[in-house]
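What the coordinates show
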Amino acid sequence: MSTMQESTIGHVVGTDGIKAMCSIDNATLAEIRARIGGDTDNTSIGAIVRISVSGTDVFCGLVELARDHDDPGRSLAELEYIGEGVHDASGALVGFSRGVSSFPQPGDPARLATEEELAIIFAPPDLPHIQFGTVYPTRGVRAPVLFDNLLSRHFAIVGSSGSGKSTTVSLLLDRIVGRAGHGHVVIFDPHGEYAHAFGDAAQVWDVSNLAMPYWAMNLDEHCEAFIAAGDDRTVDANILAKVLLRARQRNIHAEAPGRITADTPISYQLKDLTDALEEEAGRLEKLADASRYTHLRLTIEQFFHDRRYNFIFNAEHAGASLQKLLGDILRIPNAGKPISIIDLAGVPTEIVNVVVATLTRLILDYAIWAPRAERAPILLVCEEAHRYLPRHMNEATRSVRTQLERVAREGRKYGVCLGLVSQRPSELSDTALSQCGTLISLRLNNQSDQDHLIAALSEGARSLAGSVGALRNRECVISGEGVPIPMRVRIDELEVEKRPASEDPSFSDRWSHDRADSALLDTTVRRWRVDR
């Protein structure tokens, strides 16, 4: 038995159904800290405290320490209940369970948990799990993340810029596909960071090789692409709905033509759509009213003639296969590449929300219509999620927010897990964030982000929540369904070749040598003009 295990640091002086107040002897606590040196960090905020309660043990997280003004030699500690120990016939601690059934009483002794006890508390249940770090404040207890609980309840990874979000995402996905190599992971990558992070395990799609047929868009997505916001938008949307339906119905290969709607993913020819607009305009008596139809037709043709949109608005895509698009994006069949990266860096800003909305909807609709016994579960990871899932609705993000919130609400019933990654949790949709069963938080510097996170954390995590502003790089707090109990984790270091391209440039290094010259400008302008 360790010396730490023998030392009572204080006694309970008050309790309720959530927390206990404990009077701590300052001299005893200081002696323990001096005695154990660097062997453990379990002596300060976030420490695990064991309270002996009539034959059992209640474990708590240390939330707050304050000076006892009535006794300068003692401090008052606020402890948040985490769970209870499970003992064998001899009384030895052999397990741990969440929740408390026997609450402490004033006078019950408290002491700091030992490394051995912490190993039992954080030990994973007999379920599939991955490990991607070490539990703080231990030195060697591995942090288990429950595989199925994480992926069946959605999750969010949040942290300020520079805290290591992208590297954490790469590490987590690397461990996931390492545990189950026949998975189906889709990443929306707005900055092109992940293209080289997964090597041969990933297929990268960008504007150069992604053939996303325009007709796969539904009516809302057509409207968002072709109709500008304004007071008359509803009128134009009604026109587009009528002609889009007519264009789809002209597909002679369509099955059950009587059941086709403007949203049905049936291919149509661009000429059929523009002809339908002209026909409708020709039926009007007033030339002024016909101009609305002409303007819409010219807008649509402009998109199809602009090479920047060739990957989606391309007349040659009329014969494209929806099965091939789904197979490419969802990695069906897997073909040894379980990760599909959608590199959005080259997608024009005007339609990036349309692209994300369309792909998100197709992924969920695939899951809904696939035979339940045969469908492959999907993990959809959305980087910079606050861009597409803003807290406050606006016209520019209406379609993409609708589809991602639909996944958040309904996805898990159909085997689609949503992984949200954001540096601003306070700007994320409350609907989406509330559906995340597991929260992984790296350092958050902004107070409003910290407050928003604390409100979203699960029970038992308050002892850790206050530390999110003081976390070091490669540290995070994990709470929720995906872990046995809330924990602070030192994240494993990821191999250099597996890291995303998200590091900030080194000004001191780049500015130590004058490497920029006229050749750089020539290359830049050429790429600007030709490659865009």
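Structure: see above.
The structure contained in this document is the topic of the report that follows. (Residues numbered from 1 in each chain as written. Predicted model: local features only at pLDDT ≥ 70, side-chain atom pairs only at ≥ 80, totals over all residues. Heavy atoms only, no water.)

1. Here's the deal with the pattern of salt bridges
- Taken as a whole and judged by the stated rule, the model has 34 salt bridges.
- Of the charged contacts, one joins Arg409 and Glu405 as a salt bridge, the two residues approaching to 3.9 Å between their closest N and O atoms. With Arg409 and Glu405 both in helix 13 (residues 398-410) and four residues apart, the pair spans about one turn of that helix.
- On the basis of relative accessible area, Arg409 is assigned to the partly exposed category, the value being 41%.
- Residue Arg424 is joined to Glu427 by a salt bridge in which the shortest nitrogen-to-oxygen separation is 3.2 Å.
- Exposure remark for Arg424: the relative accessible area of 22% places this residue in the partly exposed category.
- One salt-bridge network, in which partners are shared between bridges, spans Lys242, Arg246, Arg250, Glu279, Glu280 and Arg283. (Salt bridge = Lys/Arg side-chain N within 4 Å of Asp/Glu carboxyl O. Helix = DSSP H or I, 4+ residues; strand = E, 2+ residues; numbered from the N terminus. Buried < 20%, exposed > 50% of the residue type's maximum accessible area, 1.4 Å probe, protein only.)

2. Digging into the layout of surface pockets
- One number sums up the size of the largest pocket: a volume of about 1100 Å³.
- Taken together, the elements giving at least two residues each to the lining of the largest pocket come down to helix 10 (322-330) and helix 11 (349-369).
- Here the lining of the largest pocket takes five residues from helix 11, the largest share from any one element.
- Residue composition of the lining of the largest pocket, by class: 16 nonpolar, seven polar and seven charged. (1 Å grid on protein atoms, 1.4 Å probe; cavity = no way out; pocket = protein on both sides within 12 Å on 5 of 7 lines; lining within 4 Å. Points joined across faces, edges and corners; volume = space filled by probe spheres on them. Nonpolar A, V, L, I, M, F, W, Y, C, P; charged D, E, K, R; others polar.)

3. Quick look at the sheet that holds strand 15 (residues 416-422)
- Taking strand neighbours across the sheet as the criterion, the eleven strands line up as 9-8-18-17-16-10-15-14-11-13-12 in an open arrangement whose pairing is mixed. One side of each edge strand has no neighbouring strand; the edge strands of this open sheet are strand 9 (142-146) and strand 12 (202-205). When the angles between neighbouring strand axes are averaged without regard to direction, this sheet yields 25 degrees.
- As defined by bridge partners, strand 8 (residues 129-136) adjoins strand 9 across four bridges and the pair is classed as antiparallel. Bridging from a neighbouring strand, His129 pairs with Leu146 of strand 9.
- The strands that helix 5 (residues 165-179) touches are strand 8, strand 9, strand 10 (155-158), strand 11 (185-189), strand 13 (339-343), strand 14 (378-382), strand 15, strand 16 (438-441) and strand 18 (487-491); relative to strand 8, the one it contacts most, it runs at about 135 degrees. (Pairing = 2+ DSSP bridges. Axes fitted to C-alpha atoms, helices over the stretch in contact; angles between N-to-C directions. Contact = heavy atoms within 4.5 Å.)

4. Considerations on the nonpolar core
- Core analysis: the largest hydrophobic core is formed by 89 residues, its most contacted members being Phe226, Phe313 and Ile351.
- If you look at the next biggest cluster of nonpolar residues, it comprises 47 residues, including Phe198, Cys476, Ile478 and Ile491. (Core = buried A, V, L, I, M, F, W, Y, C linked by side-chain atoms within 4.5 Å.)

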